[in-house]
Amino acid sequence: MDESVAIQETLADGQTCLIAVQGILAGEESVESRLLGLVRTHGEHALFLYTHRRMAITAEDVWLERVVPITEGFAAEEVTPDSDLHIIGSDVTVQISSEDAQLVVQLPFGSRTRTFLQEISKCRPGVVGSEDIKENEKHIIANHSWSHNSDDKATPRQSKSKMDVTSEMMRSSSMMISGKGCILLEQKFGLRDNIVKFQLERKEDSYTYLQNFRFFIGTYNVNGQSPNESLQPWLSHDVEPPDVYCVGFQELDLSTETFFFNDTPKEEEWFKAVTDSLHPDAKYAKVKLVRLVGIMLLLYVKADHALNISEVEAETVGTGVLGRMGNKGGVAIRFKFHNTNVCIVNSHLAAHIEEYERRNQDFKDICSRMQFCQSDPKLPPLTISKHDIILWLGDLNYRIERLEMETVKMHIEKEDFQALYQHDQLKKQMDKKAVFDGFTEGEITFRPTYKYDTGCDDWDTSEKGRAPAWCDRILWKGKNISQLSYRSHMALKNSDHKPVSSMFVIEVKVVNEELYRKTFEEIVRSLDKMENASIPSVILSQTEFFFKDVKYMQLQVETFTIHNGQVPCQFEFINKLDEHTYCKEWLIANPSKGFLLPDSEMTIELELFVNKSTATRLNSREEKIEDILILHLDGGKDYFLSVTGNYLPSCFGSPIQTLCYMREPIRDMSAESIRELTLLPLQMSDDIFQDEKPLDIPKELWMMVDHLYRNASQQEDLFQQPGLRSEFEQIRDCLDTAMLDTLLSSNHSVAEALLLFLESLPEPVICYSLYNNCLHCVNNYTLSSQVVSMLPMCHKNVFNYLMAFLRELLKNSGKNHLDVNILASIFGDLLLRPPPQHPKPDVTEKRKAQQFIQQFLLREGNSP
């Protein structure tokens, strides 16, 4: 994630955020996450420090705290003592000094941090290049030669104890990097260097050999509990210590606060519990920690392997409600171990026995959306599948189906696990290649790991009486992998799940330095002969693309092939004149840039996806599906691609007022009528169409709420469990065409469609003009009601209708487990949004929006 985009939105004209990185600001008694942005203003530079939400996507998510000018006396240097070895992949502490500021910041170890510090060094007064930076007894960060890693995308909150643990893990008097390592780590991104890199990859077998390493993989759903027992029975079960630890948790914290604000003290608790329980016969270095709400992944390596870890990147993908909430989803860490690329994924997929299709969808979403930046910005991001070794762990939530509870327990008592496994949903879905295609899972010879009464080994005795299931799993994909063990750990009783572990022996590709140098020199010599041969050119399989019947939030993909000639080339889609991006907002090329060896080819996908930010203008025909892409060859010519299509208008992205004047389905209306109604001023008189009175509320909204009112009042996890994408598409088509009188989809899918509908409104239910009025009267119901009365009639009707519906849901809270806080948090963000030009809201302002909605949920009213 590029946090500089969020920072740029906060800046004044003439100010530019050159680069940003997320770090930890260490105080005397606390540590707090901050965004650091390097900002240029009319030739001068400064560091801008921001507090922020976990995912700093827009300016709404960041708040400026202080500015540190980069003037005479400014310095940025590492504060690690000389006796410490710099652990590749670990975070590094930097002291920032200026005339009026002394800050200690812990930055994530990686390529982005290195680039950030190099850019700072260039900005210091009088500095021309990095060779001019004064060195002293400590290492100057800007000149530090470290390997290609990445910043933590979800930087963990850390305390002094955590940093102490990390620094104690490994001690050495010096740091040695081989000559081969210097070549590999040198950051060059020119065409020649990429040719060398790709040729080295092709000839990898000629200079590497395989060496065995032990990998421990563990997963544990802790059900929101704090650690109150040693984890050694799980993490240190084997006599021989592993070389690598990959430890994943789910449901780290189940509180509403964590769900919406992603901050929890339990991250620190479980991190310490893991660190204290690693195998006692070896010293380990923490490489990376990444967390998304309650899903956390920790990576450790033996201290003497630390120098062989490089290119560390961490990413997160939320698959919860609205496709982004982090109560479900995945976190991942990728890294290079010697010369083998490894990706570790920890996921928590959708719950409930009947939701196996949603679990399949979650898996596919994580695979498609999880992308890791490469150190070379000209190369496309890496996906999970682009790794030699993939290790996937987590609470996958697949259940045992079509067996009575007593039959399941009978098989368990007889330890007839193979008979029980035949009814396992994950096995069935893998057999159909519907999920985890190409992955392998070891034989299950242990009891189901869910669901137990906390504190003992008894099966669930609660009212729900959940059936036993193997929810917690470990799978792998890749060559040269042997599984030594796959087991559960019954000794731990802190949760309703049991932890699971697997020990692998993985053959890792290790570089023979002498053979590497020989191969490297051969490639360079052959490259010298190739240079200046001719200008690069390519052949495109297609240059005109038509996307037919594009629909709201339904991805369409067209592909074409780039076939390269006899000269290596780098390509990139470039911006057109006076435009800031290479394509329209609804389009993306994947990959948008890349490298081709002679006589090779690459398939490019053009992905068209219309969402809330583009739908309104497409509905009104203010914008059409039309664009020209420019494919540029470095040192060669430009190629032009034409993209056209037709968009089917939708109620999603249409204003409330527009829909109230549409008695027919939107697909049955003429383009001119849709345009005329969409562009009507908001405060128009109700009698502007004297021959037709508007509907009280949009008929599409009524269909969704009515379905939920009749069918889902007692639905557990309503508005918290996402629906199926295929069912959303059915719901959208039904609303846009009125082909059916009822919605034939699951309650969760209809609930998420309702949230998506509210999110897509170009003017929220509570109009932008009344946003501040609402915040000023959050503790006064009378004043709040007066503000609502000021809304245009159609908006007021929708607000009152939704409040009445939500109050009905709360009457069934004993069944659906909803409460005022949950509903106010979900709907507060959708109904009461700040205007586009409004100063970005902080957490206090967000809470006020929720409190405003709470007032109406706590009042009695009519049913919808």
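Structure shown above.
Residues numbered from 1 in each chain as written. Predicted model: local features only at pLDDT ≥ 70, side-chain atom pairs only at ≥ 80, totals over all residues. Heavy atoms only, no water.

**So, the overall build of the protein chain**
Operational definition: Secondary structure elements are taken from DSSP: a helix is a run of H or I of four residues or more, a strand is a run of E of two residues or more, and numbering for both begins at the N terminus. Classification of residues uses two cut-offs on accessible area relative to the type maximum, computed with a 1.4 Å probe and protein chains only: under 20% is buried, over 50% is exposed, and between them is partly exposed. Any two residues having at least one pair of non-hydrogen atoms within 4.5 Å are treated as being in contact.
Each helix and strand in the protein chain was counted, giving 25 helices and 29 strands. Per-residue burial over the protein chain gives 57% buried out of 864 residues. Here the analysis covers contacts within the protein chain between residues at least 6 apart in sequence; of these, 72% occur between residues at least 24 apart.

**Brief notes about the packing of helix α22 (residues 793–810) against helix α25 (residues 843–857)**
Short version of the rule: Axis lines are fitted through C-alpha atoms, for helices just across the contact stretch, and the angle between N-to-C directions can take any value from 0 to 180 degrees. Throughout this description, any angle smaller than 35 degrees is read as roughly parallel, any larger than 145 degrees as roughly antiparallel, any in the 65 to 115 degree range as roughly perpendicular, and the remainder as oblique. The nonpolar class holds Ala, Val, Leu, Ile, Met, Phe, Trp, Tyr, Cys and Pro. Asp, Glu, Lys and Arg form the charged class, and all remaining residues, Gly among them, are polar.
Contact pair α22 / α25: the axes reach a minimum separation of 9 Å and the direction vectors enclose 70°. Comparing the axis directions of α22 and α25 gives the class roughly perpendicular. Two secondary-structure elements touch here, α22 through F799, M803, L806, R807 and L810 and α25 through F852, I853, F856 and L857. Within the contact of α22 with α25, the residues separate by chemical class into eight nonpolar, no polar and one charged.

**Let's talk about the sheet that holds strand β18 (residues 472–478)**
Let me state the cut-off plainly: Pairing between strands is defined by DSSP: at least two bridges between them are needed.
Reading across the sheet, the five strands line up as β12-β13-β14-β17-β18 and stay open at both edges, with mixed pairing between neighbours. Of all strands in the sheet, those with a lone pairing partner are β12 (309–318) and β18, marking the two edges. Strand-to-strand twist of the sheet, defined as the mean angle between neighbouring strand axes without regard to direction, takes the value 15°. Bridging between strand β17 (residues 389–395) and β18 involves seven bridges; their strand directions are antiparallel. Its bridge partner being in β18, G394 is matched across the sheet by R473. This element, helix α9 (residues 356–369), spans β12, β13 (329–337), β14 (340–348) and β17 of the sheet and lies at about 135° to β12.

**Notes on the packing of aromatic side chains**
Formally: Each aromatic pair joins two rings of Phe, Tyr and Trp (for Trp, the six-membered one) with centres within 6.5 Å, and gets the label stacked for planes under 30 degrees apart, edge-to-face for over 60, and tilted for any other angle.
In total, this model carries 33 aromatic pairs according to the counting rule given. For the pair F799 and F852, a centre-to-centre distance of 6.5 Å together with 50° between the ring planes defines the contact as tilted. Of this pair, F799 sits in helix α22 while F852 sits in helix α25, and the two are 53 residues apart along the sequence. You can call F799 buried: its relative accessible area is 0%. Note on F852: relative accessible area 0%, which makes it buried. With a centroid separation of 5.0 Å and 90° between ring planes, the pair formed by F799 and F856 is classed as edge-to-face. Taken together, the residues F799 in helix α22 and F856 in helix α25 connect sequence positions 57 residues apart. One aromatic cluster is present, formed by Y220, W234, F249 and W270 through successive ring pairs.

**A look at the nonpolar core**
We count it as follows: Residues enter a nonpolar core if they are buried and are Ala, Val, Leu, Ile, Met, Phe, Trp, Tyr or Cys, with the set joined through side-chain atoms within 4.5 Å.
In terms of nonpolar packing, the biggest core is built from 105 residues, with F719, L758, F799 and F852 touching the most fellow members. Here this core takes 10 residues from α22, the largest share from any one element. Setting aside residues up to four positions removed in sequence, F852 forms contacts with I766, C774, C777, V778, S784, V788, F799 and L832. Membership of the second largest hydrophobic core comes to 46 residues, among which are V287, I344, Y421 and I506.

Structural measurements only, silent on function.
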